[in-house]
Amino acid sequence: MKTSQEAKQFWNERYSGNHFVYGENPNIFFKQEISRLTPGKLLMPAEGEGRNAVYAAYKGWSVDAFDLSEKAKKRAMELAKRHHVSINYVVSSYQDFEIKPASYNAIGLIYAHIHNSLRRQIHRKLIEGMKSGGTLILEGFSKDQLGNNSGGPKDIDMLYSKEELIKDFQSLDLIKAESIKTVLSEGNHHTGKANIVRVVGKKP
């Protein structure tokens, strides 16, 4: 597992170019699921260059977002400005970001991978931060992604299984929990055949 500083350096380097590495459009699944909800307060952890946060803000959500990378924040704020929306974006790790209990109507985890050693703890923290009736929307790479060249962590302990996520979010009423094959087209770093997991759940 990378140290926090190593991870920060990795992501700052990835986001240092002149283009949006995962594209400027929101993730298709996130767009589909957030459109089913009444806008409220949304948290986007590990939000990168802001494509999903900016889309949600454009649709009327009050958005908090964080990421380890200063370069990511800079790019996200540029994107927000271009779309004439406001997002509250801070540079932070999962461990350091303060989430007050029952704060959010929705949380979006879009390729927001967490190492196995921290995953359950962080997911519990996120669930506590959701309001009753709040919705979790997750899309990420499954453990089968290691054989593909369409992006994602190369460490199996950073990848997910449907079974792990069902266990992590068992306190939610799960609307969707699936492991599927798809074809990604999200910028230069999420392109091609992919194995992903999707979870949608509501907090009772």
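For the structure given in this document, a descriptive report is provided here. (Residues numbered from 1 in each chain as written. Predicted model: local features only at pLDDT ≥ 70, side-chain atom pairs only at ≥ 80, totals over all residues. Heavy atoms only, no water.)

### Considering the overall build of the protein
Stage number 1. Helix and strand counts for the protein stand at 6 helices and 7 strands.
Stage number 2. For the protein, the sequential pattern of α-helices and β-strands runs α-α-β-α-β-α-β-β-α-β-α-β-β.
Stage number 3. Scaling as 2.2 N^0.38, a compact globule of 204 residues should have a C-alpha radius of gyration of about 17 Å, and the protein matches this with 16 Å.
Stage number 4. Taking the principal axes of the C-alpha coordinates as reference, the protein spans close to 45 × 40 × 30 Å. (Helix = DSSP H or I, 4+ residues; strand = E, 2+ residues; numbered from the N terminus. Rg over C-alpha atoms; globule rule 2.2 N^0.38 Å.)

### Focus on the sheet that holds strand β4 (residues 104–110)
For sheets, the rule is that strands pair by backbone hydrogen bonds, running either parallel or antiparallel.
Stage number 1. The 7 strands lie next to each other as β3-β2-β1-β4-β5-β7-β6, forming an open sheet whose pairing is mixed. Only two strands of the sheet have a single neighbouring strand rather than two, namely β3 (88–91) and β6 (173–186). Going across the sheet, the axis of each strand differs from the next one's by a mean of 15°, ignoring polarity.
Stage number 2. Here strand β2 (residues 62–67) pairs with β3 via 4 bridges, running parallel. Paired with Asp 67 across the two strands is Val 91, which belongs to β3. (Pairing = 2+ DSSP bridges. Axes fitted to C-alpha atoms, helices over the stretch in contact; angles between N-to-C directions.)

### Focus on helix α4 (residues 70–82)
Stage number 1. For α4, with 13 residues, the first-to-last C-alpha span of 19 Å sits near the 18 Å given by 1.5 Å per residue.
Stage number 2. The complete set of buried residues in α4 reads Ala 72, Arg 75, Ala 76, Leu 79 and Ala 80. Summarising the axial view, the buried residues of α4 lie within an arc of 140°, below the 170-degree limit, and thus occupy one face. Residues of α4 that are exposed and angled more than 90 degrees away from the buried face: Lys 74 and Lys 81.
Stage number 3. Here the buried face of α4 lies against α3 (51–58), β2 and β3.
Stage number 4. The residue sitting at the N-terminus of α4 and contributing the capping side-chain oxygen is Ser 69; that oxygen lies 3.2 Å from the backbone nitrogen of Lys 71.
Stage number 5. Positive phi shows up at His 84, right after α4, with a value of about 60°. (Expected span 1.5 Å × (residues − 1). Buried < 20%, exposed > 50% of the residue type's maximum accessible area, 1.4 Å probe, protein only. Arc of directions from axis to C-beta. Contact = heavy atoms within 4.5 Å. Polar contact = N/O pair within 3.5 Å; in protein donor to acceptor, adjacent residues only side chain to side chain.)

### Some points on the nonpolar core
Stage number 1. Residues Phe 30, Ile 34, Leu 42, Met 44, Trp 61, Val 63 and Ile 87 are the most contacted members of the largest nonpolar core, which totals 35 residues.
Stage number 2. Secondary-structure elements contributing two or more residues to this core are α2 (28–34), β1 (41–44), α3, β2, α4, β4, β5 (130–141) and β7 (190–202).
Stage number 3. Each residue touching Ile 34, except ones within four places of it in the same chain, is listed here: Leu 42, Tyr 55, Trp 61, Ala 106 and Ile 137. (Core = buried A, V, L, I, M, F, W, Y, C linked by side-chain atoms within 4.5 Å.)

### Let's talk about the side chain of Glu 47
Stage number 1. Position of Glu 47 among the secondary structure elements: in the loop between β1 and α3.
Stage number 2. One buried charged residue, Glu 47, forms no salt bridge at all, with the nearest opposite charge on Arg 51 at 6.4 Å.
Stage number 3. Within the structure, the side chain of Glu 47 is placed 3.5 Å from the backbone nitrogen of Arg 51, a separation counted as a polar contact.
Stage number 4. Those residues in contact with Glu 47, other than ones at most four positions away along the chain, are Asn 52, Ala 53, Ala 65, Phe 66, Asp 67 and Tyr 89. (Lys, Arg positive; Asp, Glu negative; His and termini not counted. Salt bridge = Lys/Arg side-chain N within 4 Å of Asp/Glu carboxyl O.)

### Topic: the environment of Ser 62
Stage number 1. Relative to the helices and strands, Ser 62 resides in strand β2.
Stage number 2. Taking C-alpha positions, Ser 62 is 6.1 Å from Gly 40, a pair spaced 22 residues apart along the chain.
Stage number 3. Setting aside residues no more than four positions away along its own chain, Ser 62 makes contact with Gly 40, Lys 41 and Leu 42.

### Here's the deal with the pairing of β1
Stage number 1. In this sheet, β2 lies alongside β1 in parallel orientation, the contact comprising 4 bridges. Bridge assignment links Lys 41 to a residue of β2, and that residue is Ser 62.
Stage number 2. In the classification by handedness, the crossover that spans β1, the intervening α3 and the parallel β2 is right-handed.
Stage number 3. Here β1 pairs with β4 via 2 bridges, running parallel. In the sheet register, Leu 42 faces β4, and the bridge partner there is Ala 106. (Right-handed = clockwise from strand over helix to strand, strands pointing away.)

### Topic: the pairing of β6
In summary, the side chains of a regular strand alternate between the two faces of the sheet.
Stage number 1. Sheet topology places β6 next to β7; 13 bridges connect them, and they run antiparallel. Directly across from Ser 185, in β7, lies its bridge partner Thr 191.
Stage number 2. Counted along the chain from β6 to the antiparallel partner β7, the turn is 3 residues long, and its residue Gly 187 has a positive phi close to 70°.

Spatial relationships are all this shows, so hold off on functional conclusions.
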